[in-house]
Amino acid sequence: MTATPGEPGGARPPAAEERVRRQYREFKALLASNNECLALMAGLQEDLRFVPPRPHLVGERIAAVFERTVASVTALEHVTGKAYASFHRLAARGRREVEAFLAAEGRRESPAMAVSLAQVDASHAALVGGKAAALGEVANRVGLPVPEGFVLTAGAYAQVVGLPLWREVRDALRDLDPDDEAGLAAAATSLRAAVAGAALPRAVEVALTERARKLGARGGGFAVRSSAVGEGGQRTFAGQFGSLLNVPEHDLPRAYLEVLATRFSERALAYRLSQGITEVESPMAVLVLPTLAARAAGILYTQDPGRPGRGNMLIAATSGLGVDVAGGAAPADLYVVARTRSHAVLEHRPAEKGTRVVAAAGGGIAREAVSEEERRRPTLSTEDIQVLAAWGVRLEAHFGTPQDVEWVLDERGELYVVQTRDLLVGPGALRRAWSRPKAAPLFAGGRTVFPGRTSGPALAFAEMPRAAHVPEGAIVFVRRATPEIVRVLPRLAGLVAERGNVAGHAAALLREWGIPSVFEAEGALGAVTPGATVSLDAARRAVFAGALWPPAARSVEIPERFAGGEADPLHRRLLTLRLVDPSALNFRPSACRSAHDVLRFCHEKAIEAMFTLSDSVLDRAPHAARRLAGATPIRLFVLDLGGGLAPSAQAGEEVRAEEIVSRPFQALWRGVMHPGVSWRREMPASLGGLASVVAGSLGSQSSARRALGEKSYLLVAADYMNLNSRLAFHFTLVDATLAGERNLNAVSFRFAGGGATRWRRNLRAVFLERILRHIGFQVDRRMDVVNAWFRKGSAAETEAALDHLGRLMACSSQLDMYMESHDTMEWYVEQFMQGNYRFAAATGANGEKPTRGEAPPP
């Protein structure tokens, strides 16, 4: 569509002031459409963190964004008098693509509710979760023994939780602070209850019960284990979710819901929130295996995490099911095994064996006493150790990284892998980055979990502390490390635990976050003074007094995550913003790819068009506005666009400043009329010859439209103003919207020219740039031309910016005449920031007070 300033059919154009008002109405309509679109897109982006795009969930809002985008383009055409046909085509094409994408999502065949582990490998992680995908890879690609089993997929989770409960999850988590323990507890309680009480869709229930019936449980029950998408990689989720052992077949539906509910435990919520993991990227599949009659169970580390350069493996083993080995609560034999072909046992630390966990006859688990004979003999034979070590070498070679492997030895003497995931080890754990401290340590001993050096205040706790009790950067000393450590991980500089399993969940979390840490440090709590600054060398397992090193840098970056991406049309054609910088060369229509780009372009160009609105229209009708009365050097003429003047303002040729009720004008005028500001100053004696400068000296300034001394215009509405002025050889434009919503608030400022030499004008422009940046504006300065923007501040912030801008405009009048040098300019910057807007009361560098009309000494 082509928009023209005039009326169609050769009709007589309306009065100039009415044309201005019409353009302002279009400008307001554009701002309103832009604001609605931004709100809709923000809501879409938030919701897409919690639910996948489905037509019935997001379709209406997407259609509304495209409709309002077209409305914004039409309004821009009316404001500027230019046609933007390419934008209409872009919006139409984008809408077709996005609606086709949504339709395809709606028609997409639902994934299988369950799959056999025999059909799974690492490529199926998005369907069956990281734990099940890795286990399928071990069975079907590496060829190691794995129990038969099946997986209730992420598709099943979507039917049970993801789609039915997404609004409840969003409302509970959208503003939740991971440090808000009361909020976490409330959210966890409500969400776990909602999941536990959910009704299983028939398709999910049938998939679960039929596969369990076919699999059988070898006379026992089933293990029901979490397998979240993303679990087991760089983000381990170690110990955050639940698993149930020896579940009777008839109780599997309840057990399935119970495991799903553990996804919303306090520590799991804190983990995802602190890591920035969205709900849609971490749905939970559930792995179902037969519960093995275990003689022993445990963990294999294919490298020693604290000493990865030594070439050793670690095996932790306990009698029975090994339920508490990973959690660090069960005593376990520890074997240090060589990675060489012989896999010799280099060290064996037997544990006290009092009881073991076994499968109970009626379901669930029970503890039973360990016989005297079993207490005396090692948990694993030499042959078992060598088999596990050989498996560890194969797994590490296959996955290309050290592995954390869970294994079970059944009563028949058969070994099985029941889980493997990447093991995070510290790079160069034993490299001597610094020399050894000369002072004796406060404490030495234990086993390294993650190497590194760090310093910070020491805090001692008998049990894992709450987040509120741990300041950021602290080194925490605790009796026992447990997975509840997740609550304080973002705050820790280091951790020392008197007890804890280096092959457990807490250790995995500490390595994941790259936190220097030591376990098995008996006596460490009594060796430090709470609150005192200490230094931890985790690789050497020693604590020293004082700050010997800076806080450790985290080895794991925590990325900001978002749903979707560039690949899908919803983001490519609607949500993604590429046009970021209005001053960039690519800020043009041909660079727009999405509705978001078009909205950004329309918003910026509409404001730019309003800059010159008074010049382009009111110059043709010099009697359309009323003069501003008052003692200012500006010949300012005011046009009310609607709501800018008080109802009590009398008709006539003049209007007083107090009768202008425009909110942005009042904020700017407070600064202009600040009692500390002086509009006038005498010429420096040394520059008196410059008083003869005439308007022709500004002929090269393309933005100076009117000759010196002609009218300046002020357009006002209730929440809008546009000032276009010429004063003392310079040219100024201010365009501002000040409303209740941040997205509407904007201030644009342009300044050019002056009466002095180009060098002095440039120095004044640098002065303006420095002050504008200081008060929060973005600035683009080209020689003596300054363009500045203040966008999307709160009402109070925008009012303050306009107030300071008014002071700056007033006190910088004729200031180019005084700019003798860069040092002089710096002096004026300093004085303005100190509130000395008259620049007359300060003492120069030589101790003399500058006389009136003289520039300060450099």
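Worth saying up front: this structure is predicted, and the values here are computed from it rather than measured. (Residues numbered from 1 in each chain as written. Predicted model: local features only at pLDDT ≥ 70, side-chain atom pairs only at ≥ 80, totals over all residues. Heavy atoms only, no water.)

K.L.:
Kindly report on the overall build of the protein chain, identifying the contributing residues and their values.
P.N.:
Helices and strands together make up the secondary structure of the protein chain, namely 20 helices and 30 strands. For the protein chain, the accessible area works out to roughly 35500 Å², and carbon and sulfur atoms hold 51% of it. (Helix = DSSP H or I, 4+ residues; strand = E, 2+ residues; numbered from the N terminus. Areas by Shrake-Rupley, 256 points an atom, 1.4 Å probe, with all protein chains shown as cover.)

K.L.:
Residues and numbers for the sheet that holds strand β14 (residues 443–444), please.
P.N.:
Pairing is mixed across the open sheet formed by 8 strands, whose spatial order is β14-β21-β20-β16-β17-β18-β19-β15. Each edge of the open sheet carries a strand with a single partner, namely β14 and β15 (447–450). In this sheet, strand β17 (residues 474–480) lies alongside strand β16 (residues 453–461) in parallel orientation, the contact comprising 4 bridges. Following the sheet pairing, Phe461 is matched in β17 by Val478. (Pairing = 2+ DSSP bridges.)

K.L.:
So what about the packing of aromatic side chains? Which residues, and what values?
P.N.:
For any pair of aromatic rings, the description consists of the separation of the ring centres together with the inter-plane angle of the planes. By the definition in use, this model includes 14 aromatic pairs. Ring geometry for Phe767 and Phe832: centres 6.3 Å apart, planes at 90°, overall edge-to-face. Pair noted here: Phe767 is in helix α18 (residues 758–774) and Phe832 is in helix α20 (residues 822–833), with a separation of 65 residues, a long-range link. Each of the two residues, Phe767 as well as Phe832, counts as buried. Between Phe767 and Phe839, the ring centres sit 6.4 Å apart and the planes meet at 75°, which makes this aromatic pair edge-to-face. With Phe767 in helix α18 and Phe839 in the segment after α20, the pair connects residues that are 72 residues apart, well separated along the chain. Residue Phe839 is classed as buried on the basis of its relative accessible area of 7%. Ring-pair connections join several aromatic residues into one group, and the members of that group are Phe767, Trp827, Tyr828, Phe832, Tyr837 and Phe839. (Phe/Tyr/Trp six-rings, centres within 6.5 Å; stacked < 30°, edge-to-face > 60°. Buried < 20%, exposed > 50% of the residue type's maximum accessible area, 1.4 Å probe, protein only.)

K.L.:
Talk me through the layout of surface pockets; I want residue IDs and the actual numbers.
P.N.:
By volume, the largest pocket amounts to about 1000 Å³. Along the walls of the largest pocket sit 40 residues, with Pro52, Arg54, Glu105, Arg108 and Val280 positioned nearest its centre. Those elements giving two or more residues to the lining of the largest pocket turn out to be α3 (85–107), α4 (125–142), α5 (154–162), α6 (166–173) and α14 (569–575). For the lining of the largest pocket, the element with the highest residue contribution is α5, accounting for 7 residues. Split by residue class, the lining of the largest pocket holds 24 nonpolar, 8 polar and 8 charged. (1 Å grid on protein atoms, 1.4 Å probe; cavity = no way out; pocket = protein on both sides within 12 Å on 5 of 7 lines; lining within 4 Å. Points joined across faces, edges and corners; volume = space filled by probe spheres on them. Nonpolar A, V, L, I, M, F, W, Y, C, P; charged D, E, K, R; others polar.)

K.L.:
Provide a residue-level description of the packing of α4 against helix α12 (residues 382–399), including the pertinent values.
P.N.:
Between α4 and α12, the shortest axis-to-axis distance is 12 Å and the interhelical angle comes to 105°. In terms of orientation, α4 and α12 fall into the roughly perpendicular class. Residue-level contacts link Ala134, Glu137, Val138, Arg141 and Val142 of α4 to Arg394, Leu395, His398 and Phe399 of α12. Among the residues making up the contact of α4 with α12, the classes are represented as 5 nonpolar, 1 polar and 3 charged. (Axes fitted to C-alpha atoms, helices over the stretch in contact; angles between N-to-C directions. Parallel < 35°, antiparallel > 145°, perpendicular 65-115°, else oblique. Contact = heavy atoms within 4.5 Å.)

K.L.:
So what's going on with the sheet that holds strand β5 (residues 284–290)? Residues and values would help.
P.N.:
The sheet built from 5 strands is open, its strands ordered β1-β2-β5-β3-β4 with antiparallel pairing. A single partner strand is all that each edge strand has here, and the edge strands are β1 (114–116) and β4 (243–247). Strand after strand, the sheet turns through a mean of 25° between neighbouring axes, direction not considered. Packed on one face of the sheet, helix α8 (residues 202–215) meets β1, β2 (150–152), β3 (222–228) and β5 and runs near 170° to β2.

K.L.:
With reference to specific residues and values, describe helix α19 (residues 795–811).
P.N.:
With 17 residues, α19 extends 25 Å from end C-alpha to end C-alpha; this agrees with the ideal 24 Å at 1.5 Å per step. The buried count for α19 comes to 12 of 17 residues, which makes it a mostly enclosed element. Residues of α19 that are buried include every one of Ala795, Thr798, Ala801, Leu802, Asp803, Leu805, Gly806, Arg807, Leu808, Met809, Ala810 and Cys811, and no others. (Expected span 1.5 Å × (residues − 1).)

K.L.:
Give a description of the side chain of Arg807 that names residues and reports values.
P.N.:
Of note, Arg807 is situated in helix α19. When neighbours within four sequence positions are excluded, Arg807 is seen to be in contact with Gly671, Val672, His674, Val677, Phe832 and Tyr837.

K.L.:
Give a detailed account of the nonpolar core, specifying residues and quantitative values.
P.N.:
Of all hydrophobic cores here, the largest spans 64 residues; its most connected members are Ile62, Val160, Tyr256, Leu260, Val286 and Leu574. Broken down by element, this core gets its largest block of residues, 7 residues, from helix α9 (residues 252–261). For Leu574, the contacting residues outside a window of four places in its chain are Met41, Leu44, Ile62, Val65, Phe66, Pro569, Ser594, Ala595 and His596. Within the second largest apolar cluster, 57 residues are counted, among which are Ile660, Met721, Leu768 and Val786. (Core = buried A, V, L, I, M, F, W, Y, C linked by side-chain atoms within 4.5 Å.)

K.L.:
Provide a residue-level description of a positive patch on the surface, including the pertinent values.
P.N.:
A surface patch of like charges, here positive, comprises Arg89, Arg93, Arg96, Arg588 and Arg593. Note that Arg89 resides in helix α3. (Patch = residues over 30% accessible without salt bridge, like charges linked within 9 Å, V, L, I, M, F, W, Y side chains within 5 Å. Salt bridge = Lys/Arg side-chain N within 4 Å of Asp/Glu carboxyl O. Lys, Arg positive; Asp, Glu negative; His and termini not counted. Charge placed at Lys NZ, Arg CZ, Asp CG, Glu CD.)

K.L.:
Which residues make up the pattern of salt bridges, and what values do they have?
P.N.:
Tallied over the entire structure, the rule returns 33 salt bridges. The partner of Glu769 in a salt bridge is Arg773, and the shortest N-O contact between them spans 3.2 Å. Of this pair, Glu769 and Arg773 both sit in helix α18, 4 residues apart, which is roughly one turn of the helix.

K.L.:
How would you explain unusual backbone geometry if you had to name every residue and give the values?
P.N.:
Backbone geometry at Asn246 places phi at a positive 55°, although glycine is not the residue there. The phi dihedral of Glu520 is positive, around 60°, even though this residue is not glycine. Within the secondary structure layout, Glu520 lies in the loop between β19 (517–519) and β20 (533–537). We classify Glu520 as partly exposed; its relative accessible area is 30%.

K.L.:
Would you mind going over the pairing of strand β21 (residues 542–545) in detail, with residue names and values included?
P.N.:
Here 2 bridges tie β14 to β21, and the two strands are oriented antiparallel to one another. Directly across from Phe443, in β21, lies its bridge partner Val543. Bridge analysis of β20 against β21 gives 4 bridges, and the strand direction is antiparallel. For Leu536, the partnering residue across the bridge sits in β21 and is Val543. Between the end of β20 and the start of β21, which pair antiparallel, lie 4 residues, with Arg541 showing a positive phi angle near 55°.

K.L.:
Can you explain the confidence of the model for the protein chain? Please cite residues and give values.
P.N.:
Scored by pLDDT, the protein chain has a mean of 80; 81% of the residues are at 70 or more. Per-element confidence in the protein chain is highest for β2, whose mean pLDDT is 96, and lowest for helix α16 (residues 613–618), whose mean pLDDT is 56. Predicted confidence is poor over residues 683–709, with pLDDT under 50, and the contacts of this stretch with residues over four places away or in other chains come to 48 contacts. Across residues 842–858, where pLDDT falls below 50, the model places 34 contacts with residues more than four positions away in sequence or in other chains. (pLDDT = per-residue confidence, 0-100.)

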